[in-house]
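# What the coordinates show
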Amino acid sequence: MKKIASILLLALSFITIQAQEVCIIPQPSKLVSSKGNFNITNKTQIVLAGSGLEKSSAFLNDFLEKFYGFKLKVVSKGDFKNNIVLNYYKMEYPIAGAYNMHVNKDGVMIEGDNATGTFYGIQSLIQLLPAEKTSSLAVPFVDIEDKPRFAYRGMMLDVGRHFFPASYIKKYIDFIAMHKLNTFQWHLTEDQGWRIEIKKYPKLTSVGAYRNGTIVGRFPGKSNDGIREGGFYTQAEIKELVKYAADRFVTIIPEIEMPGHASAAIAAYPQLSCFPDSSTKHSSKTPWSGPTNGKYVQQTWGVFEDVFAPTDYTFNFIQDVLDEVMQLFPSKYIHIGGDECPKTAWKKSEFCQQLIKDKNLKDEHGLQSYFIQRVEKYLNGKGRQIIGWDEILEGGLAPNAAVMSWRGEKGGIEAAKQKHKVIMTPTTYVYFDYSQTKHEDSVTIGGYLTLKMVYDYEPIPKQLSKEDEKYVLGAQANLWTEYIANSSKLEYMLFPRLTALSEVLWSSKENKNWNNFEKKLATQFKRYDFWNWNYSKVILDPTTKIIEDQNELSTVKK
Ligand code: ACM
């Protein structure tokens with residue numbers, strides 16, 4: 001009896017050892033691992049047992065080729081034994097992406113509720129592969145049932161402050177897809193650069209995509225580098241990226257900022273300003289490069305007073321721009337910004353003051369609301385919906401608008417109570433431009449956001465009733481790039497925080513566990529190394545103190 005017990009114990013400990021080796025992030029709903037491996041070699045085939053699963057097999061094959069140096073034959077009819085079988089299994093889960101996976105001596109079987117689910121099964125399979133180059137890939141035996149918690153799982157990138165080429169945007173989309181996120185908000189226009197080719201307004205990119213220099217060091221800057229910075233995405237590149245993302249079940253939501261953060265557009269077309277003949281202003285503390293007489297793309301960070309004038313010229317311009325944007329991006333939502341629009345110019349402008357009277361608006365906030373509602377009406381008429389930062393609540397929310405709550409959770413709570421769709425992106429939990437440690441060794445915008453703070457984030461605010469919490473579609477982390485000028489820094493700021501975010505958005509509350517997550521990080525770091533992704537190792541630094549006291553957080557205004 002004793003002997004049996006000790007054999008059982010030994011068997012159990014094997015299972016535990018195996019279970020520890022299986023490390024999937026985000027944590028699946030159910031995961032049971034057992035002793036044994038199935039080996040994938042170049043003789044293994046991918047069997048497409050259902051139709052429409054080519055994107056998943058293509059992703060897997062590209063991945064295998066890139067990291068292990070071989071591809072698998074893809075067949076539509078074949079032996080289910082000793083192969084990787086991709087198929088469907090109807091679960092009717094309300095959010096796209098549920099799947100089951102079984103790995104045993106007979107091979108790998110991945111069954112998605114739909115094609116999205118099968119794709120996510122492939123992402124989990126990738127995490128079962130060794131994080132080193134070998135020719136026979138031992139995949140541990142597992143049984144997985146998995147499904148996403150939130151319908152909207154987003155990551156944003158600001159390419160206005162610093163431009164990243166289209167080839168790198170592909171890598172960024174892969175980061176998103178490999179964490180089972182499904183939305184990429186592409187912040188395409190800013191004071192410091194307009195990044196999207198618009199055929200009808202060529203100066204937006206010939207003028208607006210470049211600046212004569214950038215401040216050096218933290219705002220207001222020690223000096224100015226005097227280097228022409230910039231770039232933009234051609235419409236051909238954008239079409240390719242939209243397809244690249246769709247092949248990975250990622251929707252790109254383009255963001256065209258209005259009425260603020262518009263200096264680059266105004267530099268290209270000064271008539272968009274309330275004061276076309278006034279020169280671009282910048283703080284006297286900030287060093288400037290090149291001429292100052294006239295309108296220029298901004299060279300420093302912050303919020304600027306020169307914003308779009310609410311004239312017919314501007315509305316026609318915006319409609320023309322959005323027409324081209326809608327041709328490029330099939331997303332249901334178009335992000336129209338709406339944040340940080342100072343009202344100084346509108347207060348000074350006779351035209352704006354008259355418009356406030358004519359339209360019977362309360363004040364400049366009413367004018368902002370009028371601006372956004374007019375654009376919303378245009379987009380709704382074309383079958384699209386708008387999303388805006390939470391400032392769009394001020395002066396009255398546009399009737400069908402979705403709100404991105406960034407200045408804390410308040411805007412999101414208010415919008416959900418008003419029965420508007422909400423995406424939570426509060427600075428205190430998901431602003432990845434904030435420092436990851438008190439001893440950050442590179443310049444950041446400031447703030448403080450540890451890995452654990454991201455991990456512990458709960459996107460559904462407690463203040464919402466059961467009925468109203470349905471309006472919270474999910475959450476998104478934002479990566480603003482004032483102090484991120486290259487891909488290595490970008491990845492350093494992104495990882496491992498994006499990995500923590502993936503469990504916030506995908507895993508059920510019951511399945512989220514910081515201690516398990518922390519253990520899994522060792523394997524995840526090996527993967528980052530193998531996949532050639534840069535990351536912050538601050539969590540491994542024993543001198544790093546995780547400060548969870550919210551009072552210690554500094555709030556940062558951009
Ligand atoms: C924002 O961070 N200004 C939305």
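Rules used throughout
- Residues numbered from 1 in each chain as written.
- Predicted model: local features only at pLDDT ≥ 70, side-chain atom pairs only at ≥ 80, totals over all residues.
- Heavy atoms only, no water.
- Helix = DSSP H or I, 4+ residues; strand = E, 2+ residues; numbered from the N terminus.
- Rg over C-alpha atoms; globule rule 2.2 N^0.38 Å.
- Buried < 20%, exposed > 50% of the residue type's maximum accessible area, 1.4 Å probe, protein only.
- Contact = heavy atoms within 4.5 Å.
- Areas by Shrake-Rupley, 256 points an atom, 1.4 Å probe, with all protein chains shown as cover.
- Pairing = 2+ DSSP bridges.
- Axes fitted to C-alpha atoms, helices over the stretch in contact; angles between N-to-C directions.
- Disulfide = S-S within 2.5 Å.
- Parallel < 35°, antiparallel > 145°, perpendicular 65-115°, else oblique.
- Left-handed = near helix turned anticlockwise from the far one by under 90°.
- Nonpolar A, V, L, I, M, F, W, Y, C, P; charged D, E, K, R; others polar.

A few words on the overall build of the chain. Scanning the chain from terminus to terminus reveals 18 helices and 21 strands. Taken over C-alpha atoms, the radius of gyration comes to 25 Å for the chain, in line with the 24 Å a tight globule of 558 residues would show. Seen along its three principal axes, the alpha-carbon backbone of the chain occupies a region of about 90 × 50 × 50 Å. Residues counted as buried form 58% of the 558 residues belonging to the chain. Pairs at least 24 residues apart make up 74% of the contacts formed inside the chain by residues separated by at least 6 positions. By element, 53% of the accessible surface of the chain is carried by carbon and sulfur atoms, the whole surface being about 23,000 Å².

Here we come to the sheet that holds strand β3 (residues 73–75). Strand order in the open sheet formed by seven strands is β1-β7-β5-β6-β4-β2-β3, and the pairing between neighbours is mixed. In this open sheet, the two strands that pair with only one neighbour each are β1 (30–40) and β3. With strand direction ignored, the average angle separating the axes of adjacent strands in the sheet is 20°. Of the strand pairs in this sheet, strand β2 (residues 45–48) and strand β4 (residues 83–88) are connected by three bridges, and their pairing is parallel. Following the sheet pairing, V47 is matched in β4 by V85.

Another aspect to go through is the state of the cysteines. According to the stated counting rule, one finds zero disulfides in the structure shown. With no disulfide of its own, C341 has C274 as its nearest cysteine by sulfur position, at a separation of 9.1 Å.

In a pair of packed helices, the angle between the axes and the distance between the axes together describe the arrangement. At a minimum axis distance of 10 Å, the contact between helix α4 (residues 166–178) and helix α6 (residues 235–246) shows a crossing angle of 15°. Of the possible angle classes, the one that applies to α4 and α6 is roughly parallel. Note on packing geometry: the crossing formed by α4 with α6 is right-handed. Here A166, I169, K170, I173 and D174 of α4 come into contact with α6, specifically with E237, E240, L241, Y244 and A245. Classifying every residue of the contact of α4 with α6 gives six nonpolar, no polar and four charged.

Glancing now at the sheet that holds strand β19 (residues 402–405). Strand order in the closed barrel formed by eight strands is β8-β9-β16-β17-β18-β19-β20-β21, with parallel pairing between adjacent strands. Taken pair by pair, the neighbouring strands of this sheet meet at an average axis angle of 30°, ignoring direction. Pairing of β19 with strand β20 (residues 422–424) involves three bridges; the strand directions are parallel. Along β20, the bridge assignment pairs M404 with I423. Along the sheet face, helix α8 (residues 312–328) touches β16 (251–258) and β17 (333–337) and points at about 170° away from the line of β16.

This part takes up the pairing of β16. Extensive coverage of β16 is indicated by the burial of seven of its eight residues. Bridge count between strand β9 (residues 183–187) and β16: five bridges; the pairing is parallel. Directly across from F184, in β16, lies its bridge partner I252. Two strands pair when backbone bridges link them, and β16 and β17 are joined in this way by two bridges, in the parallel orientation. When the bridges of β17 are listed, E255 appears paired with H335.

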